[in-house]
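A look at the structure
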Amino acid sequence: MKPLLLGLERSSVPIWRIENSSVTSGSTTPASRCRSSSASSSPSCFSIEASLAMFARLREGARFLDELEQRLWDDEDFVYAGSTVDAVDHREIEKIFVDAPAAPGRYHARDLSAKLSWIADDEQDDSLRVRFSFGHEATRDWLTPGPRTEWSDRFAERVFPECAVITESTPLRAVLDACLDRSWRLSERIVYANTPGGGAMFHHDADPGQRGVVFAQLAGHTVWLALPRAELVDRLAETSAGLGDADSIGAALDGEPDPRLWDALNANPTLTAQLASTGRLLVLTPGDALLLPSHSAECCAWHSVFGVGDARSLAHSYGIFDHA
Ligand SMILES: [Fe+2]
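So, a few notes on the structure that sits alongside this text. (Residues numbered from 1 in each chain as written. Predicted model: local features only at pLDDT ≥ 70, side-chain atom pairs only at ≥ 80, totals over all residues.)

Another aspect to go through is the overall build of the protein. In terms of regular secondary structure, the protein is built from 11 helices and 13 strands. Buried residues in the protein amount to 42% of all 324 residues. A sequence separation of at least 24 residues applies to 73% of the contacts in the protein between residues at least 6 apart. (Helix = DSSP H or I, 4+ residues; strand = E, 2+ residues; numbered from the N terminus. Buried ≥ 20, exposed ≤ 12 C-beta atoms within 10 Å, placed from the backbone. Contact = placed C-beta atoms within 7 Å.)

The subject of this paragraph is the environment of His136. Take His136: it is sitting in the loop between strand E5 (128-134) and helix H5 (147-159). A count of 11 C-beta atoms within 10 Å places His136 in the exposed class. Placed 24 residues apart in sequence, His136 and Leu112 show a C-alpha to C-alpha distance of 9.8 Å.

A few words on unusual backbone geometry. Among all residues save glycine, negative phi is the norm, and among peptide bonds the norm is trans. In this structure, Arg140 takes a positive phi of about 50° despite not being glycine. Its location among the elements puts Arg140 in the loop between E5 and H5. For Arg140, a count of 12 C-beta atoms within 10 Å gives the class exposed. A positive phi angle, near 50°, is found at Glu188, a position not held by glycine.

Another aspect to go through is H5. Across its 13 residues, H5 extends 19 Å between first and last C-alpha, which sits within 8% of the 18 Å expected from 1.5 Å per residue. Contacts from the buried residues of H5 go to helix H4 (64-72), strand E3 (92-103), strand E4 (106-118), E5, helix H6 (163-167) and strand E6 (184-193). (Expected span 1.5 Å × (residues − 1).)

With that settled, consider the packing of helix H8 (residues 229-239) against helix H11 (residues 269-277). With their axes 10 Å apart at the nearest point, H8 and H11 run at an angle of 130° to one another. As summarised for this structure, H8 and H11 are arranged oblique, according to the angle between their axes. Crossing angle aside, the handedness with which H8 passes H11 is right-handed. Here Arg235, Leu236, Glu238 and Thr239 of H8 come into contact with H11, specifically with Thr270, Leu271, Gln274 and Leu275. Residues belonging to the contact of H8 with H11 are distributed by class as follows: 3 nonpolar, 3 polar and 2 charged. (Axes fitted to C-alpha atoms, helices over the stretch in contact; angles between N-to-C directions. Parallel < 35°, antiparallel > 145°, perpendicular 65-115°, else oblique. Left-handed = near helix turned anticlockwise from the far one by under 90°. Nonpolar A, V, L, I, M, F, W, Y, C, P; charged D, E, K, R; others polar.)

This is how it looks when you write it as structure tokens:
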């Protein structure tokens, strides 16, 4: 139940670090070109650098649809089906839908989506993310396993070939095999592009059927505060007297948004120092993967994450699910 940090260095897929001059020379290579030449082994595949460049263009106002078109222009499995912008969710920039046709009038899967959003409500934070899913968000279709899960994962791999760094990582696969008692899949994929100082406040990712999350740092750095929920309750009780006892704090964590709790979690240097002194502050560098278990809302890893350093950050986060 504790977060686990492990390396991807022994991945069968090399991590192309942006500091490598041979990589930076490929910054404009369309990621889709990497597919046919095998994202897993070709030194001509610069998908991480290409993705960093893509997010930089998106921050400058490039259209997400144009970027996807550039990455999927020769793809034979997915066809564009439409775009929407959520008028209520002010963080959403654009949601693009594709279908996977099987034959005229027949489909392997429909309503697969890639949603580009700002990560934070703070207008000063231009961190971005792309989430791959399917169906309706309001009815949480993604919690129901089926053929669309596999096609959604495949869609993510086509748009971001660097997915293979995570999915083909030998040490990661070994850890997941050891931790889980059945076959697993990595779905509901999210690609994060944090800018320095930008990120997410304390939260958990427990959802029905989601056994946890694996977060893999591919470029730049992020700093994490990550720990089991029960331990967080204890630390809050020690550092925020106004929140009451452990039972009250536990109820507050599960309850409606509470400004006092928010401040205690996210604006209390004493808590941060306490967590750092007990090994709960982690700095992820390229090649690090963090496992965040979530057995239930009561037994899961709480965490906050921010980009640090001067380098642009690229990271992938996948939900861990039982394989159907
Ligand atoms: Fe999270």
